[in-house]
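Working through the structure, step by step
Here is how the chains run, residue by residue.
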Amino acid sequence: MPFTTGEKAESPAEAASAPAPAEGAPGLVARLKDNDLVASFLASKMTMVAAVVTVVLVAAALFAPWIAPTDPFDPAKVDLLDSHLPPRWVEGGEARFLLGTDDQGRDLFSAVLYGLRVSLLIGALGVAFAAAIGITLGLVAGYVGGRVDAVIMRIADVQLTFPAILIALLVDGVVHALLKGASREDTAFGVLVLSIGLSFWVQYARTIRGSTLVEKNKDYIQAARLVGLSPVLIMMRHVLPNVVGPVLVILTINLGLAVITEATLSFLGVGLPPTQPSLGTLIRIGQQFLFSGEWWIVAFPGVTLAGLVLAVNLLGDWLRDALNPKLR
Amino acid sequence: MIAFIIRRLIQSIGVLLAVALIAFTMFRFVGDPVNQMVGVETSAAEREQIRKSLGLDDPVVVQFGRYVAKAASLDFGISYQFRQPVTKLLAERMPATLELALVSSAFALAVGIAMGVYTALRRNGWLAQVFQAVSLVGVSLPTFLTGILLIYVFSVLLGWLPSFGRGDVVAVGSWWTTGLLTWTGLRALILPAITLGLFQMTLIMRLVRAEMLEVLRTDYIKFARARGLSQRAIHFGHALKNTLVPVITIAGLQLGSVIAFAIITETVFQWPGMGILFLQAVQNVDIPIMAAYLLFIAFLFVVINLVVDLLYAAVDPRLKSTVTAS
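Given the structure is predicted, the values throughout are model-derived calculations rather than measurements.

The rules behind these values
- Residues numbered from 1 in each chain as written.
- Chains lettered and ligands numbered in written order.
- Predicted model: local features only at pLDDT ≥ 70, side-chain atom pairs only at ≥ 80, totals over all residues.
- Helix = DSSP H or I, 4+ residues; strand = E, 2+ residues; numbered from the N terminus.
- Buried ≥ 20, exposed ≤ 12 C-beta atoms within 10 Å, placed from the backbone.
- Contact = placed C-beta atoms within 7 Å.
- Core = buried A, V, L, I, M, F, W, Y, C linked by C-beta atoms within 7 Å.
- UniProt positions renumbered as here; feature names shortened; annotations may be inferred.
- Nonpolar A, V, L, I, M, F, W, Y, C, P; charged D, E, K, R; others polar.
- Expected span 1.5 Å × (residues − 1).
- pLDDT = per-residue confidence, 0-100.
- Axes fitted to C-alpha atoms, helices over the stretch in contact; angles between N-to-C directions.
- Parallel < 35°, antiparallel > 145°, perpendicular 65-115°, else oblique.
- Left-handed = near helix turned anticlockwise from the far one by under 90°.

Okay, the overall build of chain B next. Summing up its helical and strand segments, chain B has 13 helices and two strands in all. In terms of principal-axis extent, the alpha carbons of chain B reach across some 85 × 60 × 35 Å. Within the span of chain B, comprising 326 residues, buried residues form 37% of the whole. Taking the contacts inside chain B whose residues are at least 6 apart along the sequence as the reference set, 70% of them involve residues at least 24 apart.

This is the structure:
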């Protein structure tokens, strides 16, 4: 049966990218047995491709300084005479520049690699920050309860009525207003991480609060309280490890969203400046040259961004289904 | 029933007050309002005068009360960039954004429902598979990328449709302008509306498909088959009708985020709406506009939520009975 080999081949690829292959794999096997075979096979093949794409892109981002033929952000190495060159295989392209150059003569292949690095880094840090806020507030809300719980969850409710991108834009505007002395180049990175963190924490808080409410009435927590441990210690050492599981899935799904948010903010011109571009900034730059037929400046960052988000989303979907006890 | 309506109303007002508090905090404490209004050569005494006339020396609670009262009468102060009342600026651009949002929602509903029904009925057909794949890509593609792609194909390569602006607009009444009545206006609307509606379209398609598959398994559909009704009557008269309540709810609730997401689409297509105004405000730290826009979106969300809830209570007899029971 062809699907068995496909499923086996998937596991090693998964192990490299998904953080919890041990829990995920049996769920998938069970699902393959339960569900329509053809559909499952198609689904798992997609997951496999998604995993490979994710690994390749993450590796490319990690090793960008070694892979990239040039450092695109070193002004000394960039020559304006090289600007607006098409990709190598198009007429007029030069062998030095695989994917062509942008308006300032930067090698586009290198720029995309570095941009991918920045985008992924901001996305990951933003999601980690969101998880940190959400987990802390969720733990406190669930464990302490009462008025603290009510206040935190009302804030969460109100925030949920707004799209994340709007919150991120607002945070961006307000923080830049507060830091009016500093230039955007120095603060953009931190502000983006902050904006993403503050727009995505609600989901973590709700999930963690829900499981904390269940967990805090169990005997071992009562026992820990009886021994006289401090509430902070109980929350961190005893409650947290038992409620943190579902966060993994939210992390994966949110990474795609966070990368999109960063790219969107940069595209709108309130994210990273052109001197340290992310994928979104590169697309913003490239869009201006679309009408003169220079499609490559926008196409390669765009395809990279779309591929990354699609792959991460597929992995997230798969992880959610695989870890969902209802589907096992 | 009346108790339910009153409770929902109080909740909505609570949400609006909370958002107003955030808007007020931004307005009052992020950047000094006086500094934004005066020039460099204004003396300290004059500044003090303005402070007093604006009431910035009063207790914060009083100031918040005044802010809410003013906001309720649609006075959001003067924009720092344009030196004009924020309300006027927003009102000028509202027609463009609302038109774009409504047309793209209509597009999303029409195409989304059609694709959803098709994929549910011909689950294994190749076209259904294509639709499913497209919906997956549609969810993952960032809005601005879709917009750029459409511009490249239909404006740059094919040259069929304009890539920016609103075309010619016609004034309707004293303050509304519409692009729906001119040929250039309609042409200019197509690409932005598709870009903005694509995400909702995939959402609606997936929802309709899931709901249809659910409904088609129920007993009353089996019974309808047993009665010998035609396929068309079963699928569209019985099945689709019963999937539409959740679909219309979601579409209604999404209208608020469509308007918020219009920020991105408007930027890509240089559409002269509220979104661009808000974005300029963020870039130039024009707090009064940011605060007013925030309140506007909150108001919209609250109203839509309220209407949907009330409609639900009115339409669904089961909900009505539980509401009166509790």
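Here we take up the overall build of chain A. Secondary structure assignment for chain A yields 13 helices and zero strands. Across chain A, helices and strands are ordered from the amino to the carboxyl terminus as α-α-α-α-α-α-α-α-α-α-α-α-α. Split into buried and exposed, the 328 residues of chain A put 44% on the buried side. For chain A, restricting intrachain contacts to residue pairs at least 6 apart in sequence, the fraction spanning at least 24 positions comes to 70%.

The tendency in soluble globular proteins is for nonpolar side chains to be buried as a group. I204, F278, M290, L294 and L295 of chain B are the most contacted members of the largest nonpolar core, which has 159 residues in total. In this view, I204 of chain B contacts A108, L109, G112, I113, G116, V247 and A251 of chain B; residues no more than four positions away in its chain are not counted.

Once that is clear, we can look at the UniProt feature "transmembrane region" (unreviewed entry) in chain B. Residues and elements named next belong to chain B. Following the UniProt record, the feature "transmembrane region" (unreviewed entry) maps to residues 12-30, 100-121, 133-160, 180-199, 244-269 and 289-312 here. Secondary structure content for residues 244-269 is 100% helix and 0% strand, while the C-alpha to C-alpha distance between its ends is 32 Å. Taken end to end, residues 289-312 comprises 100% helix and 0% strand; its first and last C-alpha atoms sit 34 Å apart.

Residues and elements named next belong to chain B. The residue Q270 is not glycine, and still its phi comes out positive at about 50°. Relative to the helices and strands, Q270 resides in the loop between α10 (231-269) and α11 (274-283). Residue class for Q270 comes out exposed when judged on the 12 C-beta atoms lying within 10 Å of it.

Each partner contributes residues to the interface: chain A has 33 residues there, and chain B has 32 residues. When residues of the side of chain A that touches chain B are traced back to their parent elements, those giving at least two are α7 (164-178), α11 (247-268), α12 (279-287) and α13 (296-323) of chain A. When residues in the side of chain A that touches chain B are grouped by element, the largest group, 10 residues, is from α7 of chain A. Partitioning the side of chain A that touches chain B into residue classes produces 24 nonpolar, eight polar and one charged.

Moving on: the UniProt feature "transmembrane region" (unreviewed entry) in chain A. All names here are of chain A. As annotated in UniProt, the feature "transmembrane region" (unreviewed entry) corresponds to residues 48-68, 118-144, 156-175, 187-204, 239-260 and 295-319 in the numbering used here. Taken end to end, residues 118-144 is 100% helix and 0% strand, and its two terminal C-alpha atoms sit 38 Å from one another. Span residues 156-175 is 85% helix and 0% strand, its end C-alpha atoms 20 Å apart.

The next thing to look at is the UniProt feature "domain: ABC transmembrane type-1" (unreviewed entry) in chain B. In the numbering used here, UniProt assigns the feature "domain: ABC transmembrane type-1" (unreviewed entry) to residues 94-312 of chain B. As annotated, residues 94-312 of chain B has a helix share of 80% and a strand share of 3%, and its two end C-alpha atoms lie 28 Å apart.

The end-to-end C-alpha distance of helix α1 (residues 2-29) of chain B, which contains 28 residues, comes to 40 Å, matching closely the 40 Å that a straight helix rising 1.5 Å per residue would cover. Along α1 of chain B, the residues that are buried comprise L16, V19, A20, A23, F24 and F27 of chain B.

Residue and element names in this part refer to chain A. When the pLDDT values of chain A are averaged, the result is 76; 75% of them are 70 or greater. The spread of mean pLDDT over the elements of chain A runs between helix α1 (residues 2-17), the lowest at 39, and helix α5 (residues 108-144), the highest at 90. Long-range and interchain partners of residues 1-24, a stretch whose pLDDT sits below 50, account for 38 contacts in this model, where long-range means more than four residues apart.

Looking now at helix α6 (residues 126-140) of chain B. An ideal rise of 1.5 Å per residue puts 21 Å on 15 residues; α6 of chain B measures up with 22 Å between its terminal C-alpha atoms. Where α6 of chain B is concerned, the buried positions are F131, S135 and S140 of chain B.

Right, let's get into the packing of α7 of chain A against α11 of chain A. All names here are of chain A. Two elements in contact, α7 and α11, have axes separated by 10 Å at closest approach and are oriented at 50°. With respect to their mutual orientation, α7 and α11 come out oblique. At the point where α7 passes α11, the crossing takes the right-handed sense. Contacts between α7 and α11 involve A164, I165, A168 and D172 on the former and, on the latter, L257, T261, T264 and L265. In terms of residue class, the contact of α7 with α11 is built from five nonpolar, two polar and one charged.

What follows deals with the packing of helix α5 (residues 86-121) of chain B against helix α8 (residues 183-216) of chain B. When two helices pack together, their arrangement is captured by the angle between the axes and the distance separating the axes. Residues and elements named next belong to chain B. Where α5 contacts α8, the axes come no closer than 6 Å and their chain directions differ by 35°. Crossing handedness for the pair α5 and α8: right-handed. Looking at the contact of α5 with α8 residue by residue, the class counts come to 22 nonpolar, seven polar and one charged.

This part takes up the environment of Q287 of chain A. Counting through the fold element by element, Q287 of chain A comes out in helix α12. For the pair formed by Q287 of chain A and V56 of chain A, sequence separation is 231 residues and the distance between their alpha carbons is 26 Å. Not counting residues up to four positions away in its chain, the partners in contact with Q287 of chain A are V298 of chain A together with I148 of chain B.

With that settled, the discussion passes to the environment of Y312 of chain B. Mapped onto the secondary structure, Y312 of chain B falls in helix α12 (residues 287-315). Between the C-alpha atom of Y312 of chain B and that of F269 of chain B, which follows or precedes it by 43 residues, the distance is 37 Å.

Residue and element names in this part refer to chain B. Overall, the predicted model of chain B reaches an average pLDDT of 80, with 91% of residues at or above 70. Across chain B, the element-wise mean pLDDT spans from 53 in helix α13 (residues 317-325) up to 87 in α5. Model confidence for the complex: the whole-complex pTM is 0.78, and ipTM, which rates the interface, is 0.78.

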